[in-house]
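# Structural description and commentary
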Number of protein chains: 2
Amino acid sequence: MIDIFIQKLKITEPELIKEIRECSTITTHKKGDFIIKENEYIKVLKIVLEGKVRVYQANEDREILIYYLNSMETCTLSLSACFEDCKSNVNAIVEEDCTILNIPVRFVKDWNFKYKSWNNFTTNIFRESYMHLINQYSNLAFQPLKDRLYDYLISKAENSIVKKSHQQLAKELGTTREVISRLLKNLEKENKVVLGQKEIIIS
Amino acid sequence: MIDIFIQKLKITEPELIKEIRECSTITTHKKGDFIIKENEYIKVLKIVLEGKVRVYQANEDREILIYYLNSMETCTLSLSACFEDCKSNVNAIVEEDCTILNIPVRFVKDWNFKYKSWNNFTTNIFRESYMHLINQYSNLAFQPLKDRLYDYLISKAENSIVKKSHQQLAKELGTTREVISRLLKNLEKENKVVLGQKEIIIS
DNA sequence: TATCTGTTGTAACAAAAGTCACAAGTATTG
DNA sequence: CAATACTTGTGACTTTTGTTACAACAGATA
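Position numbers for residues start from 1 in each chain and track the written sequence from start to end. For naming, the first written chain is A and the first written ligand is 1, with later ones following in the order written. Residues qualify for local features only when their pLDDT is at least 70, as the model is predicted, and side-chain atom pairs are given and counted only at 80 or more; totals for whole chains, interfaces and linings, by contrast, use all residues. Working from all heavy atoms in the structure, the side-chain values ignore hydrogens and water.

The next point concerns the protein's contact with DNA strand D. Residues are counted as near a molecule or strand when any one of their heavy atoms sits within 4 Å of it. Taken together, 21 residues surround DNA strand D, and among them Lys198 of chain A together with Arg62, Leu145, Thr175 and Glu178 of chain B come closest. Across the atoms of DNA strand D situated within 4 Å of the protein, the share located in sugar and phosphate is 48%. A distance of 2.6 Å separates a phosphate oxygen of DNA strand D from a polar side-chain atom of Arg62 of chain B. Here the element with the most residues in the surface near DNA strand D is helix 8 (residues 177–189) of chain A; it accounts for five residues. Just so you know the grouping, Ala, Val, Leu, Ile, Met, Phe, Trp, Tyr, Cys and Pro go in nonpolar, Asp, Glu, Lys and Arg go in charged, and all remaining residues, Gly too, go in polar. Of the residues that constitute the surface near DNA strand D, the class distribution is three nonpolar, eight polar and ten charged. Any pair of N or O atoms that falls within 3.5 Å is considered a polar contact. Within protein, one atom must be able to donate a hydrogen and the other to accept it, and sequence-neighbouring residues count only if both atoms are side-chain atoms. Counting from the N terminus, the helices are the DSSP runs of H or I reaching at least four residues and the strands are the DSSP runs of E reaching at least two.

Structure representation (structure tokens):
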């Protein structure tokens with residue numbers, strides 16, 4: 001598993017590969033486990049080798065998705081935290097049983113100047129995440145929820161099907177279940193989707 | 001001017017200081033000039049030595065602030081763009097006449113692995129910007145505009161006074177002037193602020 | 001002073017989003 | 001099968017935000 005990750009990162013330095021193997025730990029987590037909780041100090045960089053994790057912010061009654069971590073994806077927030085001892089401002093919950101590669105913060109910081117390929121890796125993650133978040137931000141500001149929902153469905157569809165409950169969508173888009181149900185019904189009336197049980201078909 | 005910036009960055013390597021001086025250019029811009037436009041390729045890292053720049057996203061009829069660049073602040077977006085040739089997804093307009101330090105992208109990338117203090121600088125900028133943006137994001141998702149406005153006024157107040165027009169505030173918070181005027185009037189009725197011409201006093 | 005531009009106030013209405021309450025269907029599991 | 005939890009539908013209502021239209025005032029300048 002680590003090999004695939006190392007390959008994906010285009011890590012060439014043998015010493016770095018050795019260091020990663022030596023200092024990192026691999027943990028497994030069940031669906032529903034919290035990987036990171038708000039206000040907790042982050043002490044390791046977390047990379048999902050397998051499974052799925054949802055990283056989100058919450059207020060009293062609603063949640064909004066920051067990003068999903070799928071196989072071989074890196075938690076930008078934990079990476080960010082590695083460079084300065086700081087608390088998390090998000091939660092991360094396991095959505096599908098997963099295997100996680102944990103690298104203690106001090107290594108992440110050291111490697112950044114020691115190994116070129118690690119440096120490329122971290123700056124790429126930052127760049128991509130930052131660009132993505134800015135776009136999310138202005139969509140949230142300017143797009144009506146109906147449009148955000150429809151765009152989101154399209155982006156998540158596999159073979160034009162999205163297997164999610166209305167409640168899940170609400171948590172991802174930062175609203176409530178009733179609102180999602182209503183908007184989906186409207187989309188169905190406009191013949192843009194067909195609704196099923198935990199399933200939305202885009203037409 | 002460059003000296004202060006170098007000092008602020010805690011740059012110790014004499015060669016780096018030399019390189020910065022040699023490769024960078026200093027430009028001046030008048031109020032209203034565009035530093036960066038949406039969909040333009042970014043070719044230099046921009047650091048505001050003096051003056052003020054507003055970086056924002058726009059749609060047809062509204063704008064939302066991403067961040068202000070004040071004296072000695074670095075444009076995270078242009079930094080981000082340095083690591084991969086890419087188009088801007090924001091605009092940057094001069095709000096107060098300014099002096100800008102421009103560093104071509106290839107240097108920014110090289111230095112990141114060549115000089116430790118430069119590496120620290122870039123990762124710090126990324127970390128702070130990313131953390132800040134995540135918080136802005138969830139505020140936008142969860143906080144009513146009235147609260148966002150009030151919090152914003154408090155954060156921008158100098159001696160409890162904010163010298164901005166309603167139109168400016170609208171552009172910063174991603175809404176329209178009329179809405180801001182109404183919400184401010186409500187805040188005044190609740191004795192939270194006193195309104196004047198281009199001036200809001202927080203009480 | 002007259003004119004122009006920018007600023008603020010505000011009413012009336014429309015649209016979007018959130019809340020509450022309840023009903024009914026589906027899936028899961030002891 | 002019965003009980004339970006999850007899922008979806010939906011009406012009625014409220015709150016928030018956006019839109020349109022117009023009036024009045026302030027400040028700068030010719």
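Next, the rest of the story.
This part covers the pairing of strand 4 (residues 63–69) of chain A. Consecutive side chains of a regular strand alternate in pointing toward one face of the sheet and then the other. With seven of seven residues buried, strand 4 of chain A is to be regarded as a mostly interior element. Paired strands are those between which DSSP finds at least two bridges. Counted between consecutive antiparallel strands, the loop separating strand 3 (residues 44–58) of chain A from strand 4 of chain A contains four residues. Relative accessibility thresholds used throughout: buried, under 20% of the residue-type maximum; exposed, over 50%; partly exposed, between the two (1.4 Å probe, protein chains only).

It takes a turn of 180 degrees to lay chain A on chain B, together with a shift of 0.0 Å along the axis; the resulting RMSD is 0.0 Å. What the rotation and shift describe, once combined, is the action of a two-fold rotation axis. A shared interface surface links the copies, since 100% of the contact residues of chain A are contact residues in chain B too. Superposition of the copies was done by least squares, using only C-alpha atoms of residues whose pLDDT is at least 70 in both. Whether two residues are in contact is decided by their heavy atoms: any pair within 4.5 Å suffices.

Residue and element names in this part refer to chain A. Taking strand neighbours across the sheet as the criterion, the three strands line up as 7-9-8 in an open arrangement whose pairing is antiparallel. In this open sheet, the two strands that pair with only one neighbour each are strand 7 (161–162) and strand 8 (193–196). Along the sheet face, helix 8 touches strand 8 and strand 9 (199–202) and points at about 130 degrees away from the line of strand 8. Helix axes are fitted to C-alpha atoms over the stretch in contact, other axes to C-alpha atoms as well, and angles between N-to-C directions run from 0 to 180 degrees.

Take the protein's contact with DNA strand C next. In the vicinity of DNA strand C lie 20 residues, with Arg62, Leu145 and Thr175 of chain A together with His166 and Lys198 of chain B positioned nearest. For DNA strand C, the fraction of protein-proximal atoms (within 4 Å) that sit in sugar or phosphate groups is 50%. At 2.4 Å, a side-chain N or O of Thr175 of chain A approaches a phosphate oxygen of DNA strand C. Secondary structure elements with two or more residues in the surface near DNA strand C: helix 8 of chain A together with helix 8 (177–189) of chain B. When residues in the surface near DNA strand C are grouped by element, the largest group, five residues, is from helix 8 of chain B. Of the residues assigned to the surface near DNA strand C, the class counts are three nonpolar, eight polar and nine charged.

With that settled, the discussion passes to the packing of aromatic side chains. Working definition: rings of Phe, Tyr and Trp (its six-membered ring) pair if their centres are within 6.5 Å, and the pair is stacked with planes under 30 degrees apart, edge-to-face with planes over 60 apart, and tilted otherwise. Counting across every chain of the model gives twelve aromatic pairs over all chains. Taking the centre distance of 5.9 Å and the plane angle of 85 degrees together, the rings of Phe5 of chain A and Phe121 of chain A count as edge-to-face. Of this pair, Phe5 of chain A sits in helix 1 (residues 2–8) while Phe121 of chain A sits in helix 5 (residues 116–142), and the two are 116 residues apart along the sequence. Judged on exposure class, the residue Phe5 of chain A and its partner Phe121 of chain A are both buried. Here Phe113 of chain A and Phe113 of chain B contribute two aromatic rings whose centre-to-centre distance is 6.0 Å and whose plane-to-plane angle is 50 degrees, an arrangement assigned as tilted. Here Phe113 of chain B lies in helix 4 (residues 105–114) and Phe113 of chain A lies in helix 4 (residues 105–114), a pairing that spans two chains.

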